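Remarks on the overall topology
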Amino acid sequence: MEIIRATVDMAEDAGYVHATAWKNAYDGIVPKEFLDNFTPEKRTEAFRKILQSAEEEHYIINMDGRPMGILTIGKSRDSDAGEERGEVYGIYLLAEYWGKKYGKRLMDFAISRLKELGYSTVSLWTLEENQRARVFYEKYGFVPDGAKKELNLGKPMTVVRYVYKRPDKL
């Protein structure tokens, strides 16, 4: 597994992984019509813009030269966070890599990098209905802190915030 800081010329890989991982992770959670419209082509165009001016850090994860995941981290976007909190904005792996410890290795990288950037706490948001991700985050050491927001992904959906509670790792 190779973790590479993403550049604009990697937008196609990022778009492919993002769209494909979303379709697998959110099947049965996010409406099919929304997922059908969440295409690699549209995500590639979005990443071309994002990677040109991003304040956050984007990474492409490769296995044997092929993209298998993406990671985005940076300063927390939450108004109640303060300067000390970093955020995992997105962590996605293609389904064939689930359950093989790649997610843990990617999260280890994210936590380590956020620590290098000077953050003493880390948060992330996930769909309330995404039990697979919630189990992963809780196993890793994140705990829900009670904060929730509503998103519209073809229907109103709730996202919940998790905060990392393993200060020994930061």
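The present account deals with the structure reproduced in this document. (Residues numbered from 1 in each chain as written. Predicted model: local features only at pLDDT ≥ 70, side-chain atom pairs only at ≥ 80, totals over all residues. Heavy atoms only, no water.)

1. Re helix H4 (residues 102-116)
The end-to-end C-alpha distance of H4, which contains 15 residues, comes to 21 Å, matching closely the 21 Å that a straight helix rising 1.5 Å per residue would cover. Backbone geometry just after H4 places Gly118 at a positive phi near 100°. (Helix = DSSP H or I, 4+ residues; strand = E, 2+ residues; numbered from the N terminus. Expected span 1.5 Å × (residues − 1).)

2. Thoughts on unusual backbone geometry
Its identity is not glycine, yet Asp64 carries a phi of approximately 55°, on the positive side. On the secondary structure map, Asp64 appears in the loop between strand E2 (57-63) and strand E3 (66-75). Classification of Asp64 as exposed rests on a relative accessible area of 74%. Located in the positive-phi region is Lys101, a residue other than glycine, with phi close to 75°. (Buried < 20%, exposed > 50% of the residue type's maximum accessible area, 1.4 Å probe, protein only.)

3. A short note on the packing of aromatic side chains
Any two aromatic rings considered together are summarised by their centre-to-centre distance and by the angle between their planes. Scanning all chains against the criterion turns up 14 aromatic pairs. Ring geometry for Tyr59 versus Phe109: centroids 4.9 Å apart, planes at 80°, classification edge-to-face. With Tyr59 in strand E2 and Phe109 in helix H4, the pair connects residues that are 50 residues apart, well separated along the chain. What makes Tyr59 buried here is its relative accessible area of 7%. (Phe/Tyr/Trp six-rings, centres within 6.5 Å; stacked < 30°, edge-to-face > 60°.)

4. Focus on the pattern of salt bridges
The tally for this structure, following the rule as stated, stands at 14 salt bridges. Ionic pairing is found between Glu57 and Arg113, a salt bridge with its closest N-O pair at 2.7 Å. A residue pair is termed long-range when its members are at least 10 positions apart, and Glu57 in strand E2 and Arg113 in helix H4 qualify at 56 residues. Looking at Glu57, the relative accessible area reads 8%, which means it is buried. Between Lys75 and Glu83 there is a salt bridge, and its shortest N-O distance comes to 3.6 Å. (Salt bridge = Lys/Arg side-chain N within 4 Å of Asp/Glu carboxyl O.)

5. A look at the packing of helix H1 (residues 11-25) against helix H3 (residues 40-53)
Remark: H1 packs on H3, axes separated minimally by 7 Å, with the N-to-C direction vectors making an angle of 130°. When the axes of H1 and H3 are compared, the pair comes out oblique. Every pair of crossing elements has a handedness; the one defined by H1 and H3 is right-handed. For the pair H1 and H3, contact is made by Ala11, Glu12, Ala14, Gly15, Tyr16, His18 and Ala19 and by Pro40, Arg43, Thr44, Phe47, Arg48 and Leu51, respectively. (Axes fitted to C-alpha atoms, helices over the stretch in contact; angles between N-to-C directions. Parallel < 35°, antiparallel > 145°, perpendicular 65-115°, else oblique. Left-handed = near helix turned anticlockwise from the far one by under 90°. Contact = heavy atoms within 4.5 Å.)

6. A word on the side chain of Thr126
Looking at the element boundaries, Thr126 is found in strand E5 (residues 121-127). Apart from residues no more than four positions distant in its own chain, Thr126 is found in contact with Ala133, Arg134, Tyr137, Thr158, Val159, Val160 and Tyr162.

7. Description of the packing of H4 against helix H5 (residues 131-140)
Contact geometry for H4 and H5: axes closest at 11 Å, N-to-C directions at 55°. The angle between H4 and H5 places the two elements in the oblique class. The handedness of the crossing between H4 and H5 comes out as right-handed. Residues Gly103, Lys104, Met107, Asp108 and Ile111 of H4 touch H5, and the partners they reach there are Phe136, Tyr137 and Tyr140.

8. Regarding the sheet that holds strand E6 (residues 142-152)
An order of E1-E2-E3-E4-E5-E7-E6 is seen for the 7 strands of this open sheet, with the pairing classed as mixed. Of all strands in the sheet, those bounded by a partner on one side alone are strand E1 (2-5) and E6. Direction aside, the axes of adjacent strands within the sheet are offset by 25° on average. With respect to the sheet, H1 is in contact with E2, E3 and strand E4 (85-93), its orientation differing from that of E3 by roughly 90°. (Pairing = 2+ DSSP bridges.)

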